[in-house]
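In case you want the letters, here they are:
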Amino acid sequence: MNESQFINQFEIVQPKMYRLAKRLLTSEDLAKDAVQEVMLKLWTKKDQLYKVNNPEAYAMTMIKNYAYDILKSKRHNHLELVQERVSDSEENAEEKLEKKQSLALLEKALDQMSYKDKTIIQLREIERFEFDQIAEILEMTPVNVRVSLSRARKKLHEKMKIILAQ
C-alpha cells in the first residue's frame, strides 16, 4: 500500500476515531494523541493491511483498545458525550437551556455506566455503525451486540429516571 492509498483508506475514518477516543478519554488532547499513535501504527503495518477485511472496523478497534490502555494506566473513569453544535440563529434561549439540561442529564447517566455499555451506545447511536461493524470492533457476535445495546439502552433509561427523581 502506497501513501496515497493509505490516505484514501484511512482519511475518512480519522474523525470517527477521534470522536470515539474523545468519548472514552474525555480530553481533546489525549484523543488527538491517540489518533496519531494509531495512525502511526497503521502506517507501520501498511503492507499487511491488505489481509484485513474491514479496515475501518480494524482502525476503530485499534483506537478503542488504545484508549482502554490509556484509561487502565491512568485509572480514568470519565466519559463525556460529544456535544453537537447547533446554530445560534436556529434556537432561542429556552431551547438552548432545555438541550443543555438534557445533555447534562444524559452525560450524568452515561458516567454511571460501564465502558462496554458506553462504547456500544457511542458506536451505534452517535457514530451510526452497523451491528456487524460494532461486532468486529468489540469482538462480539452481531446478536450479542444487539442484546448488549438493548440492555445498555434500558440501563441508560433507568439511570436517567433515577437522576430525574432526585
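Scroll up to find the structure.
To keep things clear, this report deals only with the structure shown in the data block. (Residues numbered from 1 in each chain as written. Predicted model: local features only at pLDDT ≥ 70, side-chain atom pairs only at ≥ 80, totals over all residues. Heavy atoms only, no water.)

Some points on the environment of Lys155
Its location among the elements puts Lys155 in helix H8 (residues 142-165). Apart from residues no more than four positions distant in its own chain, Lys155 is found in contact with Met113 and Asp117. (Helix = DSSP H or I, 4+ residues; strand = E, 2+ residues; numbered from the N terminus. Contact = heavy atoms within 4.5 Å.)

Let's talk about the pattern of salt bridges
For the structure shown, the criterion picks out 6 salt bridges. Residue Lys16 is joined to Glu56 by a salt bridge in which the shortest nitrogen-to-oxygen separation is 2.8 Å. In this pair, Lys16 is assigned in helix H2 (residues 14-25) and Glu56 in helix H4 (residues 55-74), connecting sequence segments 40 residues apart. Under the relative-accessibility criterion, Lys16 is labelled partly exposed at 23%. (Salt bridge = Lys/Arg side-chain N within 4 Å of Asp/Glu carboxyl O. Buried < 20%, exposed > 50% of the residue type's maximum accessible area, 1.4 Å probe, protein only.)

Overview of unusual backbone geometry
Trans is the prevailing form of peptide bonds, just as negative phi is the prevailing case for residues other than glycine. The phi torsion at Thr26 lies on the positive side, around 60 degrees, for a residue other than glycine. By the secondary structure assignment, Thr26 is in the loop between H2 and helix H3 (28-44). Note on Thr26: relative accessible area 16%, which makes it buried. Located in the positive-phi region is Arg128, a residue other than glycine, with phi close to 60 degrees. The topology assignment puts Arg128 in the loop between helix H6 (115-126) and helix H7 (131-138). Look at Arg128 and you get exposed, because its relative accessible area is 57%.

Thoughts on the environment of Lys46
Within the secondary structure layout, Lys46 lies in the loop between H3 and H4. Judged by relative accessible area, Lys46 falls into the buried class, the value being 19%. Not counting the four nearest positions on each side in its chain, Lys46 is found in contact with Met1 and Phe6.

Here's the deal with the side chain of Arg124
Relative to the helices and strands, Arg124 resides in helix H6. Buried charge Arg124 goes without a salt bridge, the closest partner of opposite sign being Glu130 at 4.2 Å. Discounting chain neighbours no more than four positions away, the residues touching Arg124 are Phe129, Glu130, Phe131, Ile134, Leu149 and Arg153. (Lys, Arg positive; Asp, Glu negative; His and termini not counted.)

Some thoughts on the packing of helix H5 (residues 93-111) against H8
The interhelical angle for the contact between H5 and H8, taken along N-to-C directions, is 115 degrees, at an axis separation of 9 Å. Between H5 and H8 the crossing geometry is right-handed. Residues Leu105, Leu106, Lys108, Ala109 and Leu110 of H5 lie in contact with H8, whose contacting residues are Leu156, Lys159, Met160, Ile163 and Leu164. (Axes fitted to C-alpha atoms, helices over the stretch in contact; angles between N-to-C directions. Left-handed = near helix turned anticlockwise from the far one by under 90°.)

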